[in-house]
Every structure is written in C-alpha cells, then in structure tokens.
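Chain residues, written in single-letter form:
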Amino acid sequence: MSWQLDTLNTGLRLIAKRGIHQTANPAAAERALELGALGLRQPPFLRTTSRPGGLHWISVGDCAPGRVILYFHGGGYVAGSPLTHQGMLGRLSKLAGIEVCAPDYPLAQEETFPAAFDAALAAFRALGDLNYDPGDIVIGGDSAGAGLCLALLAWCCQQGTPPAGAFAFSPWTDLALTGESLKSNAESDPLLPPERIGELVDTYLQGADPRDPRCSPLYGSFPGCPPVLIQLSETEILRDDGLRMAERLRQFGGDVTVQVEENAPHVWQIFDGWVPEARASLRQTAEFVQSVLAPIIR
C-alpha cells in the first residue's frame, strides 16, 4: 500500500465515513458527493458533450471511431452524476483510446425502482440508434452503477445481444444484503458505514423485491456471457457482492477476471491523480477494454 493510499484511508475514515453516517437524507447525500467531487482530479484536455436522452460523452485524446464505453456512475442510487465521475472517466478514455458515454439516470428521490434500470436500458438502445452494434460497446460502472451495468448485462445476454464485455468497480449486486462482508468488514471499510445501507435499499426499492435481477444482478441469468472484469477491495463491505457475482457469472460460462486491492476504499479508482493504485487499476481496466474490442478495433 502506497503512503498516498494510507493517507487517503485515514482521511476518509475520519471525515467521509462519519459524514455519511450522519447524512440526513438523500438530498444531503447528493450534495455531499457533488461537493466531494470538486476535490477529484481531471486529466488535461478533457472533452465533454451532452446529447439528447441524458447522454453525456467524455473523452481525452484520440479515440477509436465507432467504439464506446457505456458507463453508469455510482452513488447508492441517491447521489452522483456523470459530472462527479468525469475526471476518472476522462482518464479511462485516455488510457483505453475509447470515448465514454455516461447516462444521467434518475436518482431514487426523483424516480424509484425500476427507473434507473429502465434508463440504463434506454441508454443502451440509444447507442443502437446511433449505429453502435452490441459488439462495439463495453459496459461498466461503479458501486450501484456497477449493479446497473450487470443488470443490463443480464438483459442483453437473455436477448442474445451481449456487449463486447463488461467491467465493474466495487459492484453492489445484492440489495437483499446477504453478503457476509457487510458484517465482517464493517470496521475495516474506511468509507462506507454498513448501518446506512438498508436505508438506501428502502429509498430506492420502496417495497419492491430486493432479489429482482434488475436491481440485484446476483440473482440474474447470463446466457452467452461475454468477458467481465471485476475490481474490488478486500476490506470493503461490498467485497462479497463482487466475489459472489463473479461466481454467478462463471456458472453461465463467463470468463471473469477478479482483481483485488488489499487495503483500498470503495471505488478507489475515482481518486486517480491522488493515489497510484487508482491509476494502476484504471490502466488494467483500459487493457481489458482494449482486449475485448481488439478483434474489431482498426
């Protein structure tokens, strides 16, 4: 563990974890993430464009034409936006040489389940309307957005139109909250307090089945699953969501790579520019994206 990551963990534990524990409501959580995102670094020459349908396009440097990363931001379904994540996504675009499309899906305080999934599906279909074939697309996401990504992957697989691949950072895949690490990592996780996660479930689902695959892809089906990359931290409370998701995908023949960071916070990749582990993980993700698109990138 680098000294930068050690310092980050200490700061998150003393400030962010306590702040999340004391957050009054979803609107406050949304504001807190927007404020925190101001301290995240962005690569130079970042280009952003908004297009119809709530699609935000992010790129840095030369990008391969006709290929795209469809990315869903995290934030527990109550916070986050393409803007809060654009620094990390710009870096990923630069490393992969691929443009990123980040939908601005509705948060739970705007529309509850299954609105976020419906927006994710609409974004995938919108790319089709822009002449992207499924094989031109890699889907990804972090935290709740990684859950959306994997829920969309299940739908695509069942329709016989899987993307070229998928990647997930610290995925939240089980809103039934059955993962053992929710308890065993309650102290070691430097960012997320497990006491509040049930409130996120209630806010988003409003009584819907927490095992519905549209919110909990751990219970989904993935026939013809493409390659998947999952990155998670050994010390985060959602560790078991990622590990069990990998096993679920493998049950359907998926070629799944799991990369574990020993002492990183939830979605450490977003701290690119501050900790070297973030850049290393984004570089591994870029290599994965390039590998699954390699047969068709000219």
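In what follows, the structure referred to is the one given above.
About the criteria used
- Residues numbered from 1 in each chain as written.
- Predicted model: local features only at pLDDT ≥ 70, side-chain atom pairs only at ≥ 80, totals over all residues.
- Heavy atoms only, no water.
- Core = buried A, V, L, I, M, F, W, Y, C linked by side-chain atoms within 4.5 Å.
- Buried < 20%, exposed > 50% of the residue type's maximum accessible area, 1.4 Å probe, protein only.
- Contact = heavy atoms within 4.5 Å.
- Helix = DSSP H or I, 4+ residues; strand = E, 2+ residues; numbered from the N terminus.
- Pairing = 2+ DSSP bridges.
- Axes fitted to C-alpha atoms, helices over the stretch in contact; angles between N-to-C directions.
- Parallel < 35°, antiparallel > 145°, perpendicular 65-115°, else oblique.
- Left-handed = near helix turned anticlockwise from the far one by under 90°.

Observations regarding the nonpolar core
The tendency in soluble globular proteins is for nonpolar side chains to be buried side by side.
1) Next: Ranked by size, the top nonpolar core spans 93 residues in total, and within it Leu70, Leu153, Phe167, Tyr204, Ile230, Leu249 and Val289 carry the most contacts.
2) Next: Every residue in contact with tyrosine 204, bar those within four places of it in the chain, is listed here: Tyr77, Ala108, Thr112, Phe113, Pro114, Ala116, Phe117, Leu175 and Cys215.

As for the side chain of glutamine 86
1) Next: Note on placement: glutamine 86 falls in helix H3 (residues 82-96).
2) Next: Overall, the relative accessible area of 12% leaves glutamine 86 in the buried class.

Here we look at the pairing of strand S2 (residues 55-59)
Residues in a regular strand point their side chains to alternate faces of the sheet.
1) Next: Buried residues dominate S2, accounting for four of its five residues.
2) Next: Note that strand S1 (residues 47-51) and S2 share five bridges and pair antiparallel. Paired with arginine 47 across the two strands is serine 59, which belongs to S2.
3) Next: Hairpin remark: S1 followed by S2, antiparallel, with three residues in the connecting loop; positive phi at glycine 53, about 85 degrees.
4) Next: Across four bridges, S2 lies against strand S4 (residues 99-103) in antiparallel orientation. In the strand pairing of S4, isoleucine 58 is matched with valine 100.

Details of the sheet that holds S2
1) Next: Pairing is mixed in the open sheet, where eight strands are placed in the order S1-S2-S4-S3-S5-S6-S7-S8. Each end of this open sheet is capped by a strand with a single partner; those strands are S1 and strand S8 (256-261). Neighbour-to-neighbour, the strand axes of this sheet turn through a mean angle of 20 degrees, independent of strand direction.
2) Next: Pairing of strand S7 (residues 228-233) with S8 involves six bridges; the strand directions are parallel. Within the sheet, the bridge partner assigned to valine 228 lies in S8 and is valine 256.
3) Next: Packing against the sheet, H3 makes contact with S1, S2, strand S3 (68-72), S4, strand S5 (137-142) and strand S6 (165-169), and its axis sits at approximately 40 degrees to S2.
4) Next: Most of the contacts of helix H5 (residues 144-159) go to S5, to which it runs at about 145 degrees, and overall it touches S3, S5, S6 and S7.

Overview of the packing of helix H4 (residues 115-129) against H5
1) Next: Contact geometry for H4 and H5: axes closest at 10 Å, N-to-C directions at 60 degrees. The pairing of H4 with H5 is recorded here as oblique in orientation. As H4 packs across H5, the resulting crossing turns out to be right-handed. Counting all contacts with H4, which are made through Ala116, Phe117, Ala120, Leu121, Phe124 and Arg125, the residues of H5 involved are Leu148, Ala151, Leu152, Trp155 and Cys156.

Geometric descriptors of this kind do not, in isolation, establish any biological role.
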